[in-house]
Amino acid sequence: LISALLCLESIILSVYITLAIRPIQVQSSAATILPILILTFFGCKAGTELALLVASTRTHGSDHLHNLNLLQC
């Protein structure tokens with residue numbers, strides 16, 4: 001799950017960089033709002049992914065901190 005989410009994040013980041021650089025190369029101001037919209041959707045998607053990751057960790061994960069004893073060397 002984490003691998004798939006990380007791959008999706010890298011794809012979105014490359015699309016954002018491409019859309020942010022394109023108006024500079026073309027020298028037009030018509031497409032400058034598109035990167036802002038992509039960032040908005042990117043933030044919503046990241047929040048949803050984090051909520052999904054936390055929910056799956058709570059239901060399927062296990063916490064092994066009870067096996068860790070910090071008093072022993």
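Not measured: the values here are computed from a predicted model.

J.: Tell me about the overall build of the protein chain, and name the residues and values.
T.: Counting its secondary structure elements, the protein chain contains two helices and zero strands. With 73 residues in all, the protein chain has 8% of them scored as buried. Split by element, the accessible area of the protein chain, about 6,200 Å² in all, is 71% carbon and sulfur.

J.: Explain helix α1 (residues 2-26) to me, using residue names and the numbers behind them.
T.: Quick reminder: α-helices carry 3.6 residues per turn. Residues three or four places apart thus point the same way. With 25 residues, α1 extends 36 Å from end C-alpha to end C-alpha; this agrees with the ideal 36 Å at 1.5 Å per step. Residues of α1 that are buried sit in contact with α2 (33-60). Of the residues flanking the end of α1, it is glutamine 27, one or two places downstream, whose phi is positive at about 60°.

J.: An account of the packing of α1 against α2 is requested, with residue identities and associated values reported.
T.: Relative to each other, α1 and α2 sit at 170°, their axes nearing to 10 Å. Here α1 is positioned roughly antiparallel relative to α2, judged by the angle of their axes. Contact residues: α1 offers Ile2, Leu5, Leu8, Glu9, Ile12, Tyr16, Leu19 and Ala20, while α2 offers Leu34, Pro35, Ile38, Leu39, Phe42, Lys45, Ala46, Glu49 and Leu53. By residue class, the composition of the contact of α1 with α2 is 14 nonpolar, no polar and three charged.

J.: Explain the pattern of salt bridges to me, using residue names and the numbers behind them.
T.: If you walk through the whole model with that rule in mind, you get two salt bridges. Of the charged contacts, one joins lysine 45 and glutamate 9 as a salt bridge, the two residues approaching to 2.7 Å between their closest N and O atoms. A residue pair is termed long-range when its members are at least 10 positions apart, and lysine 45 in helix α2 and glutamate 9 in helix α1 qualify at 36 residues. Across the pair lysine 45 and glutamate 49 runs a salt bridge, and its minimum N-O distance is 3.0 Å. In this pair, lysine 45 and glutamate 49 both sit in helix α2, four residues apart, roughly one turn of the helix. With relative accessibility at 10%, the residue glutamate 49 sits in the buried group. Salt bridges sharing partners connect three or more residues here, namely Glu9, Lys45 and Glu49.

J.: Tell me about a nonpolar patch on the surface, residues and numbers included.
T.: Side chains of Ile33, Leu34, Ile36, Leu37 and Phe41 sit close together on the surface and give an oily, nonpolar patch of about 490 Å² of accessible area. Within the secondary structure layout, leucine 37 lies in helix α2.

Each value, and the rule that gives it
- Residues numbered from 1 in each chain as written.
- Predicted model: local features only at pLDDT ≥ 70, side-chain atom pairs only at ≥ 80, totals over all residues.
- Heavy atoms only, no water.
- Helix = DSSP H or I, 4+ residues; strand = E, 2+ residues; numbered from the N terminus.
- Buried < 20%, exposed > 50% of the residue type's maximum accessible area, 1.4 Å probe, protein only.
- Areas by Shrake-Rupley, 256 points an atom, 1.4 Å probe, with all protein chains shown as cover.
- Expected span 1.5 Å × (residues − 1).
- Contact = heavy atoms within 4.5 Å.
- Axes fitted to C-alpha atoms, helices over the stretch in contact; angles between N-to-C directions.
- Parallel < 35°, antiparallel > 145°, perpendicular 65-115°, else oblique.
- Nonpolar A, V, L, I, M, F, W, Y, C, P; charged D, E, K, R; others polar.
- Salt bridge = Lys/Arg side-chain N within 4 Å of Asp/Glu carboxyl O.
- Patch = residues over 30% accessible without salt bridge, like charges linked within 9 Å, V, L, I, M, F, W, Y side chains within 5 Å.

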